[in-house]
Amino acid sequence: MFPFSPAQRCARMLAITFAGVVSACSGAAAAAQAYPARPIHLIVGQGAGGGIDTLARLVGMRMAQGLGQPVIVENKAGAAGIIASEFVAKAPADGYTLLMAPIGNMVFVPLLRTKLPYSPTKDFTPVSMVATFPLLLVVNARTPVKNVRELAAYMKANPAKSNYGGSGAAFQFPVELFRLQTGASGEFIQYKSMGETITAVIAGDLLMSMVDTGPATGPLADGRLRALAVTSHARLPALPAVPTMAEAGMPQLEMRYWAGVFGPAGLPSEVTRRLEAEVNRVVKLPEVGAAMTAIQVTPAGSTSEELGKTLAADLARWREVAQKANIKPVD
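Residues numbered from 1 in each chain as written. Predicted model: local features only at pLDDT ≥ 70, side-chain atom pairs only at ≥ 80, totals over all residues. Heavy atoms only, no water.

What about the overall build of the chain?
Stated formally: Runs of E in the DSSP output that reach at least two residues are strands. Runs of H or I that reach at least four are helices, and both are numbered from the N terminus. Only protein chains enter the accessibility calculation, which uses a 1.4 Å probe; a residue whose area is less than 20% of its type maximum is buried, one above 50% is exposed, and one in between is partly exposed. Note on definitions: a residue-residue contact is assigned when non-hydrogen atoms from the two residues lie within 4.5 Å. Method for areas: the Shrake-Rupley scheme with a 1.4 Å probe, in which residue coverage is limited to the protein chains shown. Counting rule for charge: Lys and Arg are taken as positive, Asp and Glu as negative, and neither His nor the chain ends is counted. Taken as the charge centre is NZ of Lys, CZ of Arg, CG of Asp or CD of Glu, depending on the residue.
The helix and strand tally for the chain stands at 11 helices and 11 strands. In terms of overall dimensions, the chain has C-alpha extents of about 100 × 40 × 35 Å along its principal axes. Expressed as a percentage of the 331 residues in the chain, the buried residues total 48%. Counting only contacts in the chain whose residues sit at least 6 apart along the sequence, the fraction spanning at least 24 positions is 76%. Looking at the chain as shown, the accessible area adds up to about 15,300 Å², and 59% of this sits on carbon and sulfur atoms. Between the averaged position of the 30 positive side-chain charges in the chain and that of its 23 negative side-chain charges there is a distance of 2 Å.

This is the structure:
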């Protein structure tokens, strides 16, 4: 055979390189078009039947319809959501293992643990926000406290009777912020669930608590609890007589909690965009909006970047509260 001339060798190399690039691009495009090719597992760090589990099943069922593959909700409850979060953080970044995470998993738990087996900002790919929800500031209806200003005055005058509590850091931090803003006294008591917390307020074991709106609806309606304010920027349609924190003179306590979908770090951009679009489609469905409203949450899709910015901003905000309130992380 005749040897190739330098020009021929150069042309041959260019052809091989071009073919490789085309093949790689075609492979990536095919992979993106093929996703998902098998069932997706949506991991929940809370027990079956709870608010986050309800959201996951509500959204997951309709995502399955759009994606053409089953979305299987798996509950890996325990350790304040750490078990589920670590499981997803260490899963393959292929889009088949996702996490339905509330703000507690991604913000408050990381602020309270020194040896957390994952980083909320380094080990996950934000996909989309799913829903937002406010908290209610409630007291026992038998107390003489009728509004937020009276509550602050009562706590200052009666520190021994001013215990507050909750089922986790997500409900402790807002009260710590309330105490920082008002100079009120009190001690936080940890409970296992929101139901136990509300029962303790009704029984008089706690003076007050920040609670989810859903579990508080019954005790508010029958007069066992009194709601002093809601943390949303506007009054809730279901509780039109309850003022916002801003109306109550505490604009610093206006906040929204959230739940969102995350994948492992390194999730391919094509997969992230596909999932992001699907979540946003689902939360705009009328029946999904109605179901979320029934459990006192608001549909709230977002881009991956928007969820990432929200996560970073909330970590910064509540880290500052932890430092000022001298809340120490534990191992």
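Still more to cover.
Remarks on the side chain of T143
Positionally, T143 belongs in the loop between β5 (135-140) and α5 (148-157). Among residues more than four places away in sequence, those in contact with T143 are L207 and R226.

Points about the packing of aromatic side chains
Test applied: In this scheme Phe, Tyr and Trp rings, the latter by its six-membered ring, pair at centre separations within 6.5 Å, and the angle between planes marks the pair as stacked below 30 degrees, edge-to-face above 60, and tilted otherwise. Criterion for a charge above a ring: Lys NZ or Arg CZ within 6 Å of the ring centre, and within 35 degrees of the ring normal.
Counting across every chain of the model gives 10 aromatic pairs. On the basis of an interplanar angle of 55° and a centroid distance of 5.0 Å, the ring pair of F108 and F173 is categorised as tilted. Placement of the pair is F108 in helix α4 (residues 103-112) and F173 in helix α6 (residues 169-182), with a sequence separation of 65 residues. An identical accessibility class is assigned to F108 and F173; each is buried. Taking 6.3 Å as the distance between ring centres and 40° as the angle between the ring planes, the aromatic pair formed by W258 and F262 counts as tilted. Connected via pairs of aromatic rings, a cluster forms that spans F108, F133, F173, Y257 and W318. In this structure, R38 is placed above the aromatic ring of Y96, and the distance from its NZ or CZ to the ring centre is 3.7 Å. For the cation-ring pair, K76 lies above F87, with the distance from its terminal atom to the ring centre recorded as 4.4 Å.

Here's the deal with the confidence of the model for the chain
Under the convention used in this document: The pLDDT value expresses, per residue, how confident the predictor is, ranging between 0 and 100.
Confidence in the prediction for the chain averages 89 pLDDT; 90% of positions are at 70 or higher. Contacts from residues 13-32, a stretch scored under 50 in pLDDT, to residues over four places away or in other chains number 1 contact.

Things to note about helix α8 (residues 213-221)
For clarity, the cut-off: What the arc covers is the set of directions going from the helix axis to the C-beta atoms.
For α8, the set of buried residues is T213, A216, P219 and L220. Axial view of α8: buried residues confined to an arc of 120°, hence all on one face. Considering only its buried residues, α8 is in contact with β5, α7 (194-203), β8 (208-212) and β9 (225-230). Just past α8, the residue G223 takes up positive phi, approximately 85°.

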